[in-house]
Amino acid sequence: MPPAPSFAEKILHRFHLLPTPVMDAFGAVIFARALTVGLRRGMFESVAGRPLALEELSRETGLSPDGIRLLADACVAGGYLKCRKGKYRASAEAKKWLVKDSGTYLGDLIYYFDSLNTRLAGLDYSLEHGKPREPYYASFTDSEWETYVRGMANLARLLMPEVIRRIRLPSGGGRILDLGGSHGLYSLECCRKFPGYTAVVMDFAPALRWAAAMKTGEPGTRISLSAGDILTA
């Protein structure tokens with residue numbers, strides 16, 4: 001997240017003296033892509049445990065010296081890296097959200113957001129005709145299904161504490177039908193919280209392949225996976 005606006009900037013914004021459309025449309029697009037490249041090249045992992053100079057970071061990421069300097073400095077401005085005496089290290093923000101073994105990793109969700117740049121190219125057509133040329137998921141490759149499922153799993157883990165405490169199920173057990181459940185993590189948590197319940201997660205077959213790879217439907221979890229279109233099955 002970019003640095004919080006100063007008091008003066010808040011006043012200027014209140015009186016519509018800041019060009020907020022430029023900041024929203026330009027800065028967000030560029031920084032989102034920079035963040036994705038940083039993730040893909042392992043930049044945050046590289047500096048999570050130790051500070052590195054630009055030359056070292058260039059070698060580890062495979063980016064040019066000029067390229068890694070621009071990328072690293074952008075992430076310093078965004079609050080994800082810190083720089084001291086020419087060496088870069090991950091900030092607490094990056095260690096929590098952008099390092100894989102943190103337990104709160106959101107990198108897969110960022111990859112999914114990045115894929116939306118291409119998919120939203122047909123938004124004009126959809127709004128003009130009231131529907132897209134083809135279903136959103138129709139052209140997903142297997143790797144894009146993986147990105148989607150893992151990204152939604154990142155989001156589910158983030159929301160899980162708030163969601164699961166609001167769910168109420170009758171005592172005595174029963175069956176849960178999780179429509180479009182993808183990764184199945186909500187069903188898994190419900191079965192852990194409410195004894196006697198089993199769950200069926202229904203989604204498209206390519207999504208469930210990755211749910212199975214994540215061990216959602218493994219024996220002993222009381223979760224089964226059912227492939228199908230929830231609108232017709």
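For the structure given in this document, a descriptive report is provided here. (Residues numbered from 1 in each chain as written. Predicted model: local features only at pLDDT ≥ 70, side-chain atom pairs only at ≥ 80, totals over all residues. Heavy atoms only, no water.)

1. Brief notes about the environment of Leu70
- Examined against the element boundaries, Leu70 turns out to sit in helix H5 (residues 65–77).
- Owing to a relative accessible area of 54%, Leu70 belongs among the exposed residues under this scheme.
- Taking C-alpha positions, Leu70 is 9.4 Å from Ala34, a pair spaced 36 residues apart along the chain. (Helix = DSSP H or I, 4+ residues; strand = E, 2+ residues; numbered from the N terminus. Buried < 20%, exposed > 50% of the residue type's maximum accessible area, 1.4 Å probe, protein only.)

2. Some thoughts on the nonpolar core
- Counting residues in hydrophobic clusters, the biggest one holds 27 residues, and the most contacted among them are Trp145, Tyr148, Val149, Leu185 and Ile223.
- Those elements giving two or more residues to this core turn out to be helix H7 (107–119), helix H9 (142–166), helix H10 (185–193), strand S5 (197–203) and helix H11 (205–213).
- Aside from chain neighbours lying at most four places away, what touches Tyr148 is Tyr112, Phe140 and Ser182.
- Counting residues in each nonpolar core, the second largest holds 22 residues, with Ala34, Leu63, Tyr88 and Ile110 among its members. (Core = buried A, V, L, I, M, F, W, Y, C linked by side-chain atoms within 4.5 Å. Contact = heavy atoms within 4.5 Å.)

3. Here we look at H5
- The end-to-end C-alpha separation of H5 is 18 Å, in line with the 18 Å expected for 13 residues at 1.5 Å each.
- For H5, the complete set of buried residues consists of Ile68, Leu71, Ala72 and Cys75. The buried residues of H5 all sit within an arc of 95° when viewed along its axis, so they share a single face. For H5, the exposed residues lying more than 90 degrees away from the buried face are Asp66 and Leu70.
- Those residues of H5 hidden inside the fold are in contact with helix H2 (20–40), helix H3 (43–46), helix H4 (54–61), strand S2 (81–84) and strand S3 (87–90).
- Within two residues after H5, Gly79 carries a phi angle of roughly 90°, on the positive side. (Expected span 1.5 Å × (residues − 1). Arc of directions from axis to C-beta.)

4. Here's the deal with the packing of aromatic side chains
- As enumerated under the stated definition, the model contains 10 aromatic pairs in all.
- Each ring, one from Tyr137 and one from Phe204, has its centre 4.4 Å from the other, and the planes form 35°; the classification is tilted. Residue Tyr137 is located in the loop between helix H8 (123–129) and H9, and its partner Phe204 is located in the loop between S5 and H11; the two are separated by 67 residues in the primary sequence.
- A residue is classified by how much of its surface remains accessible, and Phe204, at 22% relative accessible area, is partly exposed.
- Ring plane angle 50° and centroid distance 6.2 Å describe the contact between Trp145 and Phe204, whose orientation is recorded as tilted. Taken together, the residues Trp145 in helix H9 and Phe204 in the loop between S5 and H11 connect sequence positions 59 residues apart.
- Chaining the aromatic ring pairs together yields one cluster made of Tyr112, Phe113, Tyr136, Tyr137, Phe140, Trp145, Tyr148 and Phe204.
- Directly above the aromatic system of Tyr136 lies the positively charged group of Arg119, at a separation of 5.7 Å from the ring centroid.
- Positioned above the aromatic ring of Tyr125, the side-chain terminus of Arg133 is 4.0 Å from the ring centre. (Phe/Tyr/Trp six-rings, centres within 6.5 Å; stacked < 30°, edge-to-face > 60°. Lys NZ or Arg CZ within 6 Å of the ring centre and 35° of its normal.)

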